[in-house]
Amino acid sequence: VGLDSAREESLINEDGAIEAGKGLFSVEPFLGDSGRLYSWADARGSTSLASGYLPIPSVTWQLPGLELTVTAFAIGPASSSSVVARYRVRNTSNIARAPTLYLAVRPFQVNPPWQFLNTAGGAAKIGSLSWSGQSLKVNGDRLVIPFTRPAQVGATSYDGGEIVSHLRAGRVPAARSVNDGTGAASGVLAWSFQLAPGDSATTAIEIPLTTSLRSNLAPGSLDLLEQALAETTAWWEEQLDRATVSLPASGDHLARTIRSTIGWIMINRDGASIQPGS
């Protein structure tokens, strides 16, 4: 996920975890409902691209009575871009539900350990976490900025127990800042929703992809969030729809793949230079 010609990009995996930049921590979703914590391992997951070909990916979880959709897109100038992740929780049951969305900040990359081109994948360092009341600062030089105010925020050191062990026990750590000499701190932002049958609730986070600590999307109105996504979608359509590939219906997937690939070449390039393995 990224902007045309921006130096920094983000990664999202098929389970909905988002990496904050090359070799950095990830933000991983969990859902709590009726005393149970659900992760990617409990869901039937699917992936898609906006309009079937734009480099705006979504991951959808199907759970008993609930659906979670994570959509990631990039905004801002190429010199200081951000990745925005929109989380939409929908009640697919015929009874009212009160799910909690947890976004865990964890010392793992999306880039796996066996993918080692240009950088070693696997673990990431989180030496400190600090909640300011408006954003979560990670390692003193990165931010996770919630678009709507979370109901709870917590942080824990490695010795205090990894964040998922706290969530499985039904609690959010009381601490809002920690320092961890092992580099394995973790934290969580949590939102509680009240959903009637068929209803949905939306929130989002912004992760600046540079150490400028500058937000590109002011928190607040969900209309602004949707406007930013619509503008990003329209921009990519303009860039990738300049030429038409005409194939029989059986070849539609090839035409979409060509356009998607052009999009990711644009994301991976720095000016005229393409970054292999970006």
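See above for the structure.
Residues numbered from 1 in each chain as written. Predicted model: local features only at pLDDT ≥ 70, side-chain atom pairs only at ≥ 80, totals over all residues. Heavy atoms only, no water.

Caption draft 1: Structural context of the overall build of the protein. On a plain count of helices and strands, the protein comes out with 3 helices and 18 strands. Expressed as lengths along the three principal axes of its C-alpha atoms, the size of the protein is roughly 55 × 45 × 35 Å. Within the protein, buried positions represent 51% of all 278 residues. Restricting the contact set of the protein to residue pairs at least 6 apart, pairs at least 24 apart contribute 66%. Positive and negative side-chain charges in the protein, numbering 21 and 24 respectively, have mean positions lying 3 Å apart. (Helix = DSSP H or I, 4+ residues; strand = E, 2+ residues; numbered from the N terminus. Buried < 20%, exposed > 50% of the residue type's maximum accessible area, 1.4 Å probe, protein only. Contact = heavy atoms within 4.5 Å. Lys, Arg positive; Asp, Glu negative; His and termini not counted. Charge placed at Lys NZ, Arg CZ, Asp CG, Glu CD.)

Caption draft 2: Spatial organisation of empty space enclosed by the protein. On inspection of all chains with the given rule, the structure shows 1 cavity of 30 Å³ or more. Of the voids in this model, the largest cavity is the one considered here, and its volume is about 40 Å³. Looking at the largest cavity, the residues that line it are V84, I145, P146, F147, A204, I205, E206, L217 and P219. Those elements that place two or more of their residues in the lining of the largest cavity are β12 (142-146) and β16 (200-208). The biggest single contributor to the lining of the largest cavity is β16, with 3 residues. Counted by class, the lining of the largest cavity contains 8 nonpolar, no polar and 1 charged residues. (1 Å grid on protein atoms, 1.4 Å probe; cavity = no way out; pocket = protein on both sides within 12 Å on 5 of 7 lines; lining within 4 Å. Points joined across faces, edges and corners; volume = space filled by probe spheres on them. Nonpolar A, V, L, I, M, F, W, Y, C, P; charged D, E, K, R; others polar.)

Caption draft 3: Representation of the environment of M266 within the structure. Within the secondary structure layout, M266 lies in helix α3 (residues 252-268). Along the sequence, M266 and V105 sit 161 residues apart, while their C-alpha atoms lie 29 Å from each other. Apart from the residues within four sequence positions on either side, M266 is in contact with L3, D4, S5, W235, W236, Q239 and L240.

Caption draft 4: Structural view of the packing of aromatic side chains. For the coordinates displayed, the defined rule picks out 1 aromatic pair. The positively charged end of R259 is found above the aromatic ring belonging to Y53, 3.9 Å away from the centroid. (Phe/Tyr/Trp six-rings, centres within 6.5 Å; stacked < 30°, edge-to-face > 60°. Lys NZ or Arg CZ within 6 Å of the ring centre and 35° of its normal.)

Caption draft 5: Layout of the pairing of strand β10 (residues 128-131). With 3 bridges connecting them, β10 and strand β14 (residues 177-179) associate as antiparallel partners. Considered in β14, the bridge of S128 is made with N179. Alignment of β10 against strand β11 (residues 136-138), held across 3 bridges, turns out to be antiparallel. Residue L129 lies in a different strand from β11, and its bridge partner there is V138. Here β10 folds back onto β11 in antiparallel fashion, the turn holding 4 residues, of which G133 has a positive phi close to 100°. (Pairing = 2+ DSSP bridges.)

Caption draft 6: Representation of the pattern of salt bridges in the model. Under the criterion given, the structure shown has 10 salt bridges. Notably, a salt bridge pairs R269 with D4, separated by 2.8 Å at the nearest N-O pair. Remark: D4 occurs in the segment before β1 (11-12) and R269 occurs in strand β17 (residues 269-270); sequence separation between them is 265 residues. Under the relative-accessibility criterion, R269 is labelled partly exposed at 27%. On the basis of relative accessible area, D4 is assigned to the buried category, the value being 19%. Here D270 makes a salt bridge to R7, at a shortest N to O gap of 3.5 Å. Note that D270 is positioned in strand β17 and R7 in the segment before β1, a separation of 263 residues in sequence. Take R7: its relative accessible area is 57%, and that puts it in the exposed class. (Salt bridge = Lys/Arg side-chain N within 4 Å of Asp/Glu carboxyl O.)

Caption draft 7: Quick peek at the side chain of E67. Tracing the backbone through its elements, the reader meets E67 in strand β7 (residues 66-75). E67 has contacts with T60, W61, Q62, R88, V89, R90 and T92, leaving out every residue within four places of it along the chain.

Caption draft 8: Geometry of the layout of surface pockets. Roughly 310 Å³ of internal volume is contained in the second largest pocket. Along its surface, the second largest pocket is lined by 15 residues, and N13, A17, E28, Q109 and V110 are the ones closest to its centre. Taken together, the residues that form the lining of the second largest pocket break down as 7 nonpolar, 5 polar and 3 charged.

Caption draft 9: Geometry of the sheet that holds β12. Overall, antiparallel pairing links the 9 strands, which are arranged β5-β6-β7-β8-β16-β12-β11-β10-β14 in an open sheet. Both edges of this open sheet fall to β5 (44-49) and β14, since each of them pairs with a single strand only. Along the sheet, successive strands turn relative to each other by an average axial angle of 20°, direction set aside. Packed onto the sheet, helix α2 (residues 222-240) meets β7, β8 (82-91) and β16 and runs at close to 60° relative to β7. (Axes fitted to C-alpha atoms, helices over the stretch in contact; angles between N-to-C directions.)

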